[in-house]
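Structural overview for review
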Amino acid sequence: MRYETYETAHRFAQEYQTLYDEALAKRQEIASRADGIFEPVRKYESLKDVEEHLEEGHFEIEISGWQFSALFQNRPGKKLYVMLSDGTPRDRTPEGIPLPLYKRWTYAALLDGPLLNIEDPMYRRYPDIVGGYFYGTGDHCIVDETLDLIRSVCRHLSFSTQDVVFYASSSGAYASILAASRLPGSLVVAIMPR
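Right, let's walk through the structure included here. (Residues numbered from 1 in each chain as written. Predicted model: local features only at pLDDT ≥ 70, side-chain atom pairs only at ≥ 80, totals over all residues. Heavy atoms only, no water.)

What follows covers the overall build of the chain. Helix and strand counts for the chain come out as 6 helices and 7 strands. Listed N to C, the secondary structure of the chain is α-α-β-α-β-β-β-β-α-α-β-α-β in terms of helices and strands. Each of the 194 residues in the chain was classed as buried or not, and the buried ones make up 41%. The contacts of the chain with a sequence gap of at least 6 include a subset with a gap of at least 24, amounting to 58%. Of the roughly 10700 Å² of accessible surface on the chain, 52% is carried by carbon and sulfur atoms. (Helix = DSSP H or I, 4+ residues; strand = E, 2+ residues; numbered from the N terminus. Buried < 20%, exposed > 50% of the residue type's maximum accessible area, 1.4 Å probe, protein only. Contact = heavy atoms within 4.5 Å. Areas by Shrake-Rupley, 256 points an atom, 1.4 Å probe, with all protein chains shown as cover.)

Let's shift gears to the pairing of strand β7 (residues 187-191). Where strand β6 (residues 164-169) and β7 come together, 5 bridges link them in parallel fashion. The residue of β7 that forms the bridge with Phe166 is Val188. (Pairing = 2+ DSSP bridges.)

A separate point is the sheet that holds strand β2 (residues 57-63). Overall, mixed pairing links the 7 strands, which are arranged β1-β2-β3-β5-β4-β6-β7 in an open sheet. On the outer flanks of this sheet lie β1 (42-44) and β7, each paired with one strand and no other. Across the sheet, the mean angle separating the axes of adjacent strands is 25° when strand polarity is ignored. Two strands pair when backbone bridges link them, and strand β4 (residues 80-84) and β6 are joined in this way by 3 bridges, in the parallel orientation. (Axes fitted to C-alpha atoms, helices over the stretch in contact; angles between N-to-C directions.)

Okay, helix α6 (residues 170-181) next. Along an α-helix, residues three or four positions apart point the same way, because every turn accommodates 3.6 residues. Counted at 1.5 Å a residue, the expected span for α6 with its 12 residues is 16 Å, and the 17 Å between its end C-alpha atoms agrees. Buried residues belonging to α6 abut β4, α4 (122-125), α5 (143-157), β6 and β7. (Expected span 1.5 Å × (residues − 1).)

Before going further, it helps to examine the pattern of salt bridges. Taken as a whole and assessed by the stated rule, the structure comprises 10 salt bridges. Between Glu52 and Lys48 there is a salt bridge, with the nearest N and O atoms lying 3.7 Å from each other. Linking Glu52 with Lys48, this pair stays in helix α3 (residues 47-53), spanning 4 residues, or about one helical turn. Residue class for Glu52 comes out partly exposed when judged on its relative accessible area of 46%. We note a salt bridge from Arg124 to Glu60, for which the minimum N-O separation is 2.8 Å. (Salt bridge = Lys/Arg side-chain N within 4 Å of Asp/Glu carboxyl O.)

If you want it as structure tokens, here you go:
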């Protein structure tokens with residue numbers, strides 16, 4: 001980027017630094033409340049149960065024989081942000097932390113709407129894989145069950161599926177592109193999709 005004057009470039013750099021500092025402070029603020037958001041783990045019996053009783057925090061639900069783990073953070077706004085997990089083998093998690101591992105969960109402080117992080121159920125069924133891509137089996141793609149979960153959260157929030165924004169990287173970005181293609185009107189931000 002070229003600037004007409006040094007003063008213009010300097011002013012831009014200062015504005016950027018101010019915005020960056022504000023964003024970092026918001027991320028640290030929400031990270032400080034991590035103790036309450038991951039425990040207890042709520043168990044939902046059905047998608048209807050999610051639709052009627054969804055609470056903020058970590059939850060699990062079985063859909064069509066697949067175990068889903070998710071983290072829901074309710075924030076005021078008109079968009080539901082959905083982050084699908086990318087490849088994270090257990091031996092590469094910090095300090096050997098077991099899955100689920102909700103990357104970017106602190107982004108909720110920066111978003112203008114609720115955030116739903118969904119861990120790829122492939123990691124529970126096949127713990128040695130590096131990237132699951134929300135693939136499923138040769139006969140069935142579990143992106144469909146993932147979309148059923150997202151639709152239930154939308155109904156709980158009284159949102160349209162057109163209010164869904166997917167944000168993910170790597171294998172999660174691939175799955176997000178596929179999911180968005182099956183959810184008319186939704187948007188996707190895909191970072192280095194595989």
